[in-house]
Amino acid sequence: MKNTFKKVWNIISSVLVTIVVLCAIFLMGSRILGYQVYTVLSGSMEPNYSVGDLLYVKETDVSTIKVGDPITFILNEELVVATHRVVRIDAEKQHFYTKGDANETEDSSPVHFKNVIGVPKFSIPLLGYVSNYIQNPPGMYVTIGAGVVVVILVFLPDMLNKKKDENKPESTEENSSDQ
C-alpha cells in the first residue's frame, strides 16, 4: 500500500513540477529569445487573435512592415498596447494606418513608426487568462501560495521517511559463523 501511494505521489508531483516549469518557460523564457508577451484583451482582431490569447511579439525594423501585416504598438499616452493590421503606410509622415480585423472602420489615429513595438509571431489560445491572473492580485498570491504548497508536498514524504528512519532502532543480526 505504501509503495503504491508513493508511486502515485511521485507521478502527481512530477506532473505538477512539469506544469510549473512549462508555464514559466511560456510566460518568462520567451523574453530570453527576444519576445515580448501580451494578452489579447479585446476581440478587435478576431478570428486571428481572440480574447485571452497570449501574443508573442518580436521587435521588427519598421521598414520591413508592409500593408497587411499585423503590428503591436503603443496606442496612447497611457501606454495602452494594441495589435491591429496595417492598411496604409505614409512613409513621409512616418505613420501606419491600422484597423482591427473585426472592426468595420480604420482606427481614428495613425501609429507613428516610433510607437511600433513589433510584429506578432505566434499566439497561444487562452494562456493570456493564466498570465493575467498570476501577474495581478489576488492571482499572484494564490500562485505564490500554490508554489509553496507544491514545494512542501514534493519534499514532505522524503522528510517524513527520513525522520522515521532516524527513529527506527537498528537491527542487530548475530553472525552464526563466529560460533
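The rules we used
Residues numbered from 1 in each chain as written. Predicted model: local features only at pLDDT ≥ 70, side-chain atom pairs only at ≥ 80, totals over all residues. Heavy atoms only, no water. 1 Å grid on protein atoms, 1.4 Å probe; cavity = no way out; pocket = protein on both sides within 12 Å on 5 of 7 lines; lining within 4 Å. Points joined across faces, edges and corners; volume = space filled by probe spheres on them. Helix = DSSP H or I, 4+ residues; strand = E, 2+ residues; numbered from the N terminus. Buried < 20%, exposed > 50% of the residue type's maximum accessible area, 1.4 Å probe, protein only. Arc of directions from axis to C-beta. Contact = heavy atoms within 4.5 Å. Pairing = 2+ DSSP bridges. Axes fitted to C-alpha atoms, helices over the stretch in contact; angles between N-to-C directions. Core = buried A, V, L, I, M, F, W, Y, C linked by side-chain atoms within 4.5 Å. Phe/Tyr/Trp six-rings, centres within 6.5 Å; stacked < 30°, edge-to-face > 60°. Patch = residues over 30% accessible without salt bridge, like charges linked within 9 Å, V, L, I, M, F, W, Y side chains within 5 Å. Areas by Shrake-Rupley, 256 points an atom, 1.4 Å probe, with all protein chains shown as cover. Salt bridge = Lys/Arg side-chain N within 4 Å of Asp/Glu carboxyl O.

Student: Even after reading the chapter, I still don't get the layout of surface pockets, so can you show me in this structure?
Tutor: To find leftover empty space, a probe the size of one water molecule is rolled over the atoms. Its boundaries defined by the atoms lining it, the largest pocket holds a volume of some 460 Å³. Taken together, 22 residues make up the lining of the largest pocket; nearest its centre are Tyr-38, Thr-39, Val-40, Leu-41 and Val-81. Elements that contribute at least two residues to the lining of the largest pocket include exactly helix H1 (2–32), strand S1 (35–39), strand S2 (54–58), strand S4 (81–90) and helix H2 (127–135). Among the elements that make up the lining of the largest pocket, the one with the highest residue count is S4 (four residues).

Student: What's the story with H2 in this structure? I'm lost.
Tutor: An α-helical turn contains 3.6 residues, so any two residues separated by three or four positions project in the same direction. Taken together, the buried positions of H2 are Leu-127, Gly-128 and Ser-131. Relative to the axis of H2, the buried residues are bounded by an arc of 100° and lie together on one face.

Student: Whenever I open this one, the environment of Val-86 confuses me. Can you help?
Tutor: Tracing the backbone through its elements, the reader meets Val-86 in strand S4. Sequence separation of Val-86 and Ile-71 is 15 residues, and the distance between their C-alpha atoms is 7.0 Å. Those residues within four positions of Val-86 in sequence are excluded, and the remaining contacts are Ile-65, Lys-66, Val-67, Gly-68, Asp-69, Ile-71, Phe-96, Tyr-97 and Thr-98.

Student: What's the story with the sheet that holds strand S3 (residues 70–74) in this structure? I'm lost.
Tutor: Read across the sheet, seven strands follow the order S1-S2-S7-S3-S4-S5-S6 without closing on themselves; strand pairing throughout is antiparallel. Whereas interior strands pair on both sides, the edge strands pair on one side only; in this sheet they are S1 and strand S6 (111–112). For S1 and S2, the ladder comprises five bridges, and the chain directions are antiparallel. Residue Thr-39 lies in a different strand from S2, and its bridge partner there is Leu-54. Against the sheet, H2 makes contact with S1, S2 and strand S7 (116–124), and its axis sits at roughly 90° relative to S2, the strand it touches most.

Student: I tried to follow the nonpolar core on my own but got confused; where do I start?
Tutor: When a protein is soluble and globular, its nonpolar side chains tend to lie buried together. If you look at the biggest cluster of nonpolar residues, it comprises ten residues: Ile-65, Ile-71, Phe-73, Ala-82, Val-86, Phe-96, Val-111, Phe-113, Val-116 and Val-119. Put simply, the parts of the chain that give this core at least two residues each are S3, S4 and S7. When residues no more than four places from it in sequence are discounted, the contact partners of Phe-113 are Val-62, Ile-89, Asp-90, Ala-91, Gln-94, His-95 and Phe-96.

Student: Looking at this structure, I do not really get the packing of aromatic side chains. What am I missing?
Tutor: Think of a pair of aromatic rings as described by two things: how far the centres are apart, and how the planes are tilted against each other in angle. Taken as a whole and judged by the stated rule, the model has four aromatic pairs. Between Tyr-35 and Tyr-56 the ring centres are 6.4 Å apart and the planes differ by 85°, which places this aromatic pair in the edge-to-face class. Highlighted residues: Tyr-35 in strand S1 and Tyr-56 in strand S2, separated in sequence by 21 residues. For the residue pair Tyr-35 and Tyr-56, the accessibility class agrees, reading buried in each case. Ring geometry for Tyr-56 and Phe-122: centres 4.5 Å apart, planes at 10°, overall stacked.

Student: Sorry if this is basic, but what is going on with a nonpolar patch on the surface here?
Tutor: On the surface, Met-140, Tyr-141, Ile-144, Val-148, Val-149, Val-151, Ile-152, Leu-153, Phe-155, Leu-156, Met-159 and Leu-160 cluster together into a nonpolar patch covering about 1100 Å² of accessible area. Mapped onto the elements, Ile-152 comes out in helix H3 (residues 139–167).

Student: Looking at this model, I keep getting lost on the pairing of S4. Mind explaining?
Tutor: Within a regular beta strand, the side chains point alternately toward one face of the sheet and then the other, so they alternate between its two faces. Where S3 and S4 come together, five bridges link them in antiparallel fashion. Residue pairing in the sheet places Thr-72 in a bridge with Thr-83 of S4. Two successive antiparallel strands, S3 and S4, enclose a turn made up of six residues, where Leu-79 displays a positive phi of approximately 65°.

Student: Can you walk me through the environment of Ile-117 in this structure?
Tutor: Relative to the assigned elements, Ile-117 resides in strand S7. Owing to a relative accessible area of 14%, Ile-117 belongs among the buried residues under this scheme. Excluding residues within four positions of it along the chain, Ile-117 makes contact with Gln-36, Tyr-38, Val-57, Glu-59, Thr-60, Thr-72, Phe-73, Ile-74 and Val-81.

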